[in-house]
Protein chains: 2
Amino acid sequence: MKAEILAEESAVEVAAYMQKLGQQAREASRVLARATTNSKNTALLAIAKAIRSQAEILKAANQLDLQAGKTKGLDAAMLDRLTLTDSRIESMAEGLEQVAALADPIGEISDMRYRPSGIQLGQMRVPLGVIGIIYESRPNVTADAAGLCLKSGNATILRGGSEAIHSNQAIAACIHQGLQQAGLPINAVQVVETTDREAVAQLITMPDYVDVIVPRGGKSLIERISKDARVPVIKHLDGICHVYVDVEADLAMAEEIAFNAKCHRYGVCNAMETLLVHADIAKQFLPKMAERFIKEGVELRGCDKTLRILPDINTATEEDWDTEYLAAILSIRVVDNVDAAMLHIHKHSSAHTETIVTQNYDTARRFLQEVDSSSVLVNASTRFADGFEYGLGAEIGISTDKLHARGPVGLNGLTSQKWIVFGSGQIRK
Amino acid sequence: MKAEILAEESAVEVAAYMQKLGQQAREASRVLARATTNSKNTALLAIAKAIRSQAEILKAANQLDLQAGKTKGLDAAMLDRLTLTDSRIESMAEGLEQVAALADPIGEISDMRYRPSGIQLGQMRVPLGVIGIIYESRPNVTADAAGLCLKSGNATILRGGSEAIHSNQAIAACIHQGLQQAGLPINAVQVVETTDREAVAQLITMPDYVDVIVPRGGKSLIERISKDARVPVIKHLDGICHVYVDVEADLAMAEEIAFNAKCHRYGVCNAMETLLVHADIAKQFLPKMAERFIKEGVELRGCDKTLRILPDINTATEEDWDTEYLAAILSIRVVDNVDAAMLHIHKHSSAHTETIVTQNYDTARRFLQEVDSSSVLVNASTRFADGFEYGLGAEIGISTDKLHARGPVGLNGLTSQKWIVFGSGQIRK
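Residues numbered from 1 in each chain as written. Chains lettered and ligands numbered in written order. Predicted model: local features only at pLDDT ≥ 70, side-chain atom pairs only at ≥ 80, totals over all residues. Heavy atoms only, no water.

As annotated in an unreviewed UniProt entry, chain A carries the name Gamma-glutamyl phosphate reductase and is attributed to Methylophaga muralis. Of the comments in the UniProt record for chain A, the one headed Pathway (unreviewed entry) reads "Amino-acid biosynthesis; L-proline biosynthesis; L-glutamate 5-semialdehyde from L-glutamate: step 2/2." (UniProt positions renumbered as here; feature names shortened; annotations may be inferred.)

Rendered as structure tokens:
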């Protein structure tokens, strides 16, 4: 009973604390929205400099987190993600310098035209306002996300994993130094200082103070947040990506693309999880392709028709078609034509990224037009679907939503466009 | 007990029915996404023709709704909204012809450019997929919404008010005729045939089958739907719009704009609800302005400073600043400068539409840049903030959200942009 009362009191306190952060962020967002490009870039470069010069302080803070993590029994992979090495610290600083070098999206005016009424109408790109970022163990997200939000004129509230709290606070100190040097409010970037879980519950239910939430982490975290949020969430769910090798594919090209899409890196969202092969070239294509995958250590799982060509591989179940392996496993399905390939994709894809390999003009056009995924490629590896390769400079995530930002989300995804009108006294008749 | 079991059985039946509609809509959406501009326009014109030729059938069905409405005791305003007159039927047909005349947004490819890797990257405009529309008594929404969704390549599930069920079904019959004549699937536009409330609960929680919900109706309907929805909602909440008359305004222009913004129509979302006046010109501006409003029958409510100039008007309370009157009532506040005006707007505006009247270049620029509303105007009436005046041809609503569509939502707001890549065998190095 007493514990319950204490918990309730603590929840009230956390709520008040988060409300305060929210109010401060909203106030800072008004200043940031009108900040000059120069002052935002000055802040980004000053933060990079502070991070470099305070590398030893960052590593000392990180040691506290690592020791606590070891005591708590975190696994090796988690401890690795948590560790701030010299090269990771240098990467954070370089990332901020790269964001400073990007064009400022804010204030861009497009499509100005006169209307018959005499008003001149256009759209102006503006910040979203306040962005809440919820992430897990990697402390470098603190600097990366803060940099993108700052450049796009948004205030940020960062809620990292409790296991990285000391590292995140040390990075936040560098960020605040840089903001101060540029004459910007330090509340433009706030790191949540409590590790209480109630803080997340509050952050995602303050529509007055937070305009959008970007969760970065596993699918279960993102689904949980989306379910409970009362503000919009830019979601990055799973990447079940497909390569379809058409009957009119250049088979040598198809082999390179499929191999790259699967084996360049296994644990990434734009890796291929299912290979679809046209029935008429399957016998010619699959044996050599399979040999190369098996040599690389990839476990293959095939449909009935695939097994007739590759009798030694495992059988793919219905579950396989819906699985994001993020591992050296590939499911293979032989399909009758491009329609069957697209039907499979519409049924099983997570609408992230799909590639067709073909030399046929009509087939390529149909695939481009009809496949409803955030990236659709012809004759190129699925691995290109990322912010850096697309020239966005950096990305805050890859959105699997259809509304607002779709696919890699860079600076523009953190902005909105409002309508602006220049008149000279016009009234509605 | 028995009633509860019956209700439960009915809920299960309604759920199954809505799932079926959803599946059918998803299938139809695949066909619509690849439909040619010509076939979509053919359907729109055929629907317009069917509506005209079946005017008598529509009016007969409407009579059933009107009689039931009278028996149920609906008020006069509601019965008026429900009534299909000859001119309203003609308006529906004309609206569809206007949508047919608009450019097809689907397939538009923008910003194609080569990346250093050799891939050619761009964005293609595509339909959202399936759009659920929830609306109240006006049966004309059935034709208007179906037309916009059809042109933008989306399948639609329409859930009108139960009081308009016969009218909506008769309009749906015209729509289906038109779709059939154009060779498009009739499930591209489906009208929910049950008046059970459970149908709405289902429609807004089927993310597999519905991509976005557009509620059209009062604020309470929209808030309720947004709260319970598990799919994105394009929201149109209230319009608490402001006109700020700056110290450097052309006062004759300011008077015309303020009068038009308030009195052109009272019951619309882009009407002015609060007039903000710079202190240094208030004594000069307000007496004549007030006289004109009072002559027009507008009730004025002022702040303390306003009351010193206009001692005979009512006092505005804090609640007034947050009220969308939609009536012949106007609140007036005297402010010290543009900063105080913007502070008031940020605190009390619904972020719909705000106007500044000024001849000062810097003040105009600051207002345009810093006011965070979906439409920001200089020297023009707030009444221009609408899809027709902006040249969108028609609008499905005015979004007060910042993400995705902001302000008047036309065809483009019902679309998404996916990334497309043309390669020639590129792989990630």
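J.: Just checking my understanding: could you explain the overall build of chain A for this structure?
T.: The secondary structure content of chain A amounts to 15 helices and 16 strands. In terms of overall dimensions, chain A has a C-alpha envelope of 70 × 65 × 50 Å along the principal axes. Buried positions account for 57% of the 429 residues belonging to chain A. Sequence-distant contacts in chain A: of pairs separated by 6 or more residues, those separated by 24 or more amount to 73%. Of the roughly 17,400 Å² that chain A leaves accessible, carbon and sulfur atoms contribute 50%. (Helix = DSSP H or I, 4+ residues; strand = E, 2+ residues; numbered from the N terminus. Buried < 20%, exposed > 50% of the residue type's maximum accessible area, 1.4 Å probe, protein only. Contact = heavy atoms within 4.5 Å. Areas by Shrake-Rupley, 256 points an atom, 1.4 Å probe, with all protein chains shown as cover.)

J.: Explain the packing of aromatic side chains to me, please; I cannot follow it from the model alone.
T.: What describes a pair of aromatic rings is the distance from one ring centre to the other and the angle between the planes of the rings. Across all of its chains, the model carries five aromatic pairs over all chains by this definition. Here the guanidinium or amino end of A:R292 rests over the ring plane of A:F259, the centre of that ring lying 4.1 Å away. (Phe/Tyr/Trp six-rings, centres within 6.5 Å; stacked < 30°, edge-to-face > 60°. Lys NZ or Arg CZ within 6 Å of the ring centre and 35° of its normal.)

J.: What is the right way to read the pairing of strand β1 (residues 109-114) of chain A from this model?
T.: Here is the key point about a regular strand: its side chains alternate between the two faces of the sheet. Of the pairings in the sheet, the one linking β1(A) to strand β2 (residues 120-127) of chain A comprises four bridges and is antiparallel in character. Bridge pairing in β2(A) places A:S110 opposite A:Q123. (Pairing = 2+ DSSP bridges.)

J.: Whenever I open this one, the interface of chain B and chain A confuses me. Can you help?
T.: In many analyses, interface size is given as the accessible surface area lost on bringing the parts together. Facing 68 residues of chain B, the contacting portion of chain A comprises 68 residues. Between chain B and chain A, a total of about 5,800 Å² is buried, with carbon and sulfur atoms accounting for 54% of that surface. When residues of chain B are sorted by the area they lose upon contact with chain A, B:L403, B:W419 and B:R428 head the list and together hold 15% of the total. Our enumeration of links across chain B and chain A arrives at eight salt bridges. A:K402 is paired through a salt bridge with B:D211; the nearest N and O atoms lie 3.4 Å apart. For the pair chain B and chain A, the number of links is 51 residue pairs in polar contact (both at pLDDT 80 or more). When residues of the side of chain B that touches chain A are traced back to their parent elements, those giving at least two are α1 (2-33), β2 (120-127), α9 (219-228), α10 (251-263), α15 (361-370), β13 (375-380), β15 (407-409) and β16 (415-426) of chain B. No other element matches the 11 residues that β16(B) contributes to the side of chain B that touches chain A. Among the residues making up the side of chain B that touches chain A, the classes are represented as 28 nonpolar, 21 polar and 19 charged. Alignment of strand β13 (residues 375-380) of chain A against β16(B), held across five bridges, turns out to be parallel. Bridged to A:L377 within β16(B) is B:V421. (Buried area = accessible area lost by both parts, 1.4 Å probe. Salt bridge = Lys/Arg side-chain N within 4 Å of Asp/Glu carboxyl O. Polar contact = N/O pair within 3.5 Å; in protein donor to acceptor, adjacent residues only side chain to side chain. Nonpolar A, V, L, I, M, F, W, Y, C, P; charged D, E, K, R; others polar.)

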